[in-house]
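Structural overview for review
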Amino acid sequence: MALITISGYPSSGKSTRTAQIYDFLSSASSPQLKIKVISDDDLAVGRMSYDDSLQEKIARATLFSAVTRHIAKDTILIVDGMNYIKGFRYQLYCKAREAGVRVATVYVLATPDQCRKWNDERGDGKRYKPQTLDALIQRFEEPSSMVRWDAPLFTISWDDPTPPLERISDAVTTGIIKPPNVGTQITPKAPTDALRTLEHTTNALVSALMAAQAAGPLGGPIVLNIDTLEPSSNTSANDSSVLRVRLTLPHRALTLSELQRLKRQFVAARRKAVTLGSTEKGRVEWGEDAVGRAFAEFLEEGLSVAR
């Protein structure tokens, strides 16, 4: 459904605003909709984790892993933390787009002096060291409505008695869901036998072309039968090991060298797709039939066959 990222100085009242948002959404939403809060306290991440840069990275990784586990289309997930690094907020934004949910950022605004005062008054064991608090405030990267990963942005002052809860609710329940782009889509993995299928099908098609040409002149539409690695479940017993490939050839003799050259180019492009999951022309299918069709089209293009 949505990801709400809470951001602000340490000890600025973020958890208080989170509780207000949680209560409002819980009362206004349908029972089927889940409302969940993730915070450092829920993940047993202590304030001392921010005293050391390495421990802080581990704390952020722990938070991001929890977001990855709980983000879903039937859940409004509220991430209660400083989230003070714009790069980390961008990571959360990408994860939301990958999951197909709405996003919103709530910036709890308080002065550094007010944060220091509240931090000094804490008696629950969740106090930051003074030097750590000052360092976090100094490094804080303020959210901006001008960048896509912080928008829509709701800024709430620490002393605001009427936070825009209805507007936040509208944003996360009826706002626009941005579709995943190439950078946020899950890359499909090629099957383990992809390279074997690729080599077998292309070699078999080249061999079939040369054999057909040896039997007589070629030119125009032609159907070639090549052996498959595995029988297809929807073919008869007599034809179960034969793959039929249709292609159009030029009215001239083909040489083995030019067919091998085109085959190497095709295989090289497909090898990249084994790790990338796609080529510049889009997603890749790895079945023998799909590889045969794609190689036939590649040959037609490489042999300059007019369509």
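It should be emphasised that the depicted structure is a prediction, and the values quoted were computed from it without experimental measurement.

**As for helix α7 (residues 194–215)**
Its 22 residues place the ends of α7 32 Å apart at the C-alpha level, agreeing with the 32 Å of an ideal helix rising 1.5 Å per residue. Residues of α7 that are buried: Ala194, Thr197, Leu198, Thr201, Thr202, Ala204, Leu205, Val206, Ala208, Leu209, Ala212 and Gln213.

**Remarks on the pattern of salt bridges**
Throughout the structure, instances matching the rule amount to 16 salt bridges. Note that aspartate 41 is salt-bridged to lysine 126, the shortest N-O span being 3.1 Å. Placement of the pair is aspartate 41 in the loop between β2 (34–39) and α2 (53–70) and lysine 126 in the loop between α4 (112–121) and α5 (130–139), with a sequence separation of 85 residues. Owing to a relative accessible area of 29%, lysine 126 belongs among the partly exposed residues under this scheme. When the shortest N-O distance is used, the salt bridge between glutamate 258 and arginine 252 registers 3.1 Å.

**Some remarks on α4**
Residues lying three or four places apart along an α-helix face the same way, a consequence of the helix completing one turn every 3.6 residues. Within the sequence span of α4, burial applies to Gln114, Cys115 and Asn119. End-on view of α4: buried residues confined to an arc of 135°, all on one side of the axis. Opposite the packed face of α4, turned more than 90 degrees from it, sit the exposed residues Asp113 and Glu121. Next to the buried residues of α4 lie α5.

**Considering the pairing of strand β7 (residues 242–249)**
The side-chain alternation of β7 yields one buried face, formed by Leu243, Val245, Leu247 and Leu249, and one unburied face, formed by Val242, Arg244, Arg246 and Thr248. Looking at chain direction, strand β6 (residues 220–227) and β7 are connected through eight bridges and run antiparallel. Of the residues in β7, the one forming a bridge with glycine 220 is leucine 249.

**Side note on the confidence of the model for the protein**
Summary statistics for the protein give a mean pLDDT of 86 and a share of 89% for residues scoring 70 or more. Contacts from residues 232–239, a stretch scored under 50 in pLDDT, to residues over four places away or in other chains number three contacts.

**Focus: the packing of aromatic side chains**
Across all of its chains, the model carries nine aromatic pairs by this definition. Ring centres of tyrosine 107 and phenylalanine 140 lie 5.8 Å apart, and the angle between their planes is 20°; on these two criteria the pair is classed as stacked. In this pair, tyrosine 107 is assigned in strand β4 (residues 102–109) and phenylalanine 140 in the loop between α5 and β5 (153–157), connecting sequence segments 33 residues apart. In this structure, tyrosine 107 and phenylalanine 140 share a single accessibility class: buried. Among the aromatic residues, ring-to-ring pairing joins Tyr9, Tyr107 and Phe140 into one connected group.

Conventions used here
- Residues numbered from 1 in each chain as written.
- Predicted model: local features only at pLDDT ≥ 70, side-chain atom pairs only at ≥ 80, totals over all residues.
- Heavy atoms only, no water.
- Helix = DSSP H or I, 4+ residues; strand = E, 2+ residues; numbered from the N terminus.
- Expected span 1.5 Å × (residues − 1).
- Buried < 20%, exposed > 50% of the residue type's maximum accessible area, 1.4 Å probe, protein only.
- Salt bridge = Lys/Arg side-chain N within 4 Å of Asp/Glu carboxyl O.
- Arc of directions from axis to C-beta.
- Contact = heavy atoms within 4.5 Å.
- Pairing = 2+ DSSP bridges.
- pLDDT = per-residue confidence, 0-100.
- Phe/Tyr/Trp six-rings, centres within 6.5 Å; stacked < 30°, edge-to-face > 60°.

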